[in-house]
Amino acid sequence: MKISKQSADTIQDFGRQWQEYTENKGFYASIEALEGLFHPLLNISDIQNATIADVGAGTGRYTLMFQQAGAEKIVALEPSDAYLILKKNIAGLKNIECLKKRADEIPADGFDFVFCIGVLQFIQDPLPALKAMKQSLNKSGRIFLWVYSEENNRLYLSFVLPLRKLTTSLPHGVLKVLTSIILPLAEIYALASLACCLFKLPKLPLSDYLKNYFMRVDRYTRKIIIHDQLNP
């Protein structure tokens, strides 16, 4: 299936991003973080002995989480050049197969689960991908989708969307420098939001996310998060 130039550019762009940030560590790569993502739709125990497809696997962050959670077999699909990092990160794990393929190219292997986490919103025409993922499941199989939302994020989006008009066209080296400048500002805001919670002051926007996620990961991972928000 031929894809549009925009889709090809998006794939290429994410390939560059994930070759800049290759590590997944700490809370960011933990079973605890996966449990938070699943709740209340799935339990970690649902993964044990399951056959899984990880669509848009990037550097293998979720692929490795599924492996830790006891999946029997995992097929990780990544269409960009991040596939090279993915292969390196899962080297030696025999129950993981890597494919340099898009979501709409997923094999019909009768999976118990297809996971598409933080990917679908970047596919220009998601319908072929959704149909292919459905066809890849066994009769009782399930698809787990995670996408960005606008609900409760309007103040954040009013800041980040205008900024993206600049950052989406920047070379990744320049964007990395900008990310390093924004990082301490984001950390100061996060600390202020934590202080408001501690002293029972009115909550700042994104307080729960900053407390329960952003400030629980290390600085390397915080840079990944900021870069990932400004790159798409």
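Residues numbered from 1 in each chain as written. Predicted model: local features only at pLDDT ≥ 70, side-chain atom pairs only at ≥ 80, totals over all residues. Heavy atoms only, no water.

A. Structural detail: the side chain of Gln17. Within the fold, Gln17 resides in helix 1 (residues 5-20). Owing to a relative accessible area of 0%, Gln17 belongs among the buried residues under this scheme. Once residues lying within four places of it in the same chain are set aside, the contact partners of Gln17 are His172, His227, Asp228 and Asn231. (Helix = DSSP H or I, 4+ residues; strand = E, 2+ residues; numbered from the N terminus. Buried < 20%, exposed > 50% of the residue type's maximum accessible area, 1.4 Å probe, protein only. Contact = heavy atoms within 4.5 Å.)

B. Here's a closer look at the pattern of salt bridges. Scanning the entire structure with this criterion turns up 11 salt bridges. With a shortest N-O distance of 3.2 Å, Lys176 and Glu20 are connected by a salt bridge. One end of the pair, Lys176, is in helix 7 (residues 172-198); the other, Glu20, is in helix 1, and 156 residues separate them in sequence. Put simply, Arg102, Asp104 and Glu105 are held in one network by salt bridges that share partners. (Salt bridge = Lys/Arg side-chain N within 4 Å of Asp/Glu carboxyl O.)

C. Broad picture of the sheet that holds strand 2 (residues 73-77). If you trace the 5 strands from one edge of the open sheet to the other, you get 3-2-1-4-5, paired in parallel fashion. Of all the strands in the sheet, just strand 3 (96-99) and strand 5 (137-146) have a single pairing partner and so form its edges. Neighbour-to-neighbour, the strand axes of the sheet open up by a mean angle of 15°, direction not taken into account. Direction of pairing for strand 1 (residues 51-55) relative to strand 2: parallel, over a ladder of 5 bridges. Paired with Thr51 across the two strands is Lys73, which belongs to strand 2. (Pairing = 2+ DSSP bridges. Axes fitted to C-alpha atoms, helices over the stretch in contact; angles between N-to-C directions.)

D. The packing of helix 2 (residues 31-38) against helix 3 (residues 61-68), seen in detail. Two elements in contact, helix 2 and helix 3, have axes separated by 10 Å at closest approach and are oriented at 100°. One element, helix 2, and the other, helix 3, form an angle in the roughly perpendicular class. Mapping the contact onto sequence places Ile31, Ala33, Leu34, Leu37 and Phe38 in helix 2 and Tyr62, Met65, Phe66 and Gln68 in helix 3. Grouping the constituent residues of the contact of helix 2 with helix 3 by class yields 8 nonpolar, 1 polar and no charged. (Parallel < 35°, antiparallel > 145°, perpendicular 65-115°, else oblique. Nonpolar A, V, L, I, M, F, W, Y, C, P; charged D, E, K, R; others polar.)

Scope: geometric values only; no functional claims are made or implied.
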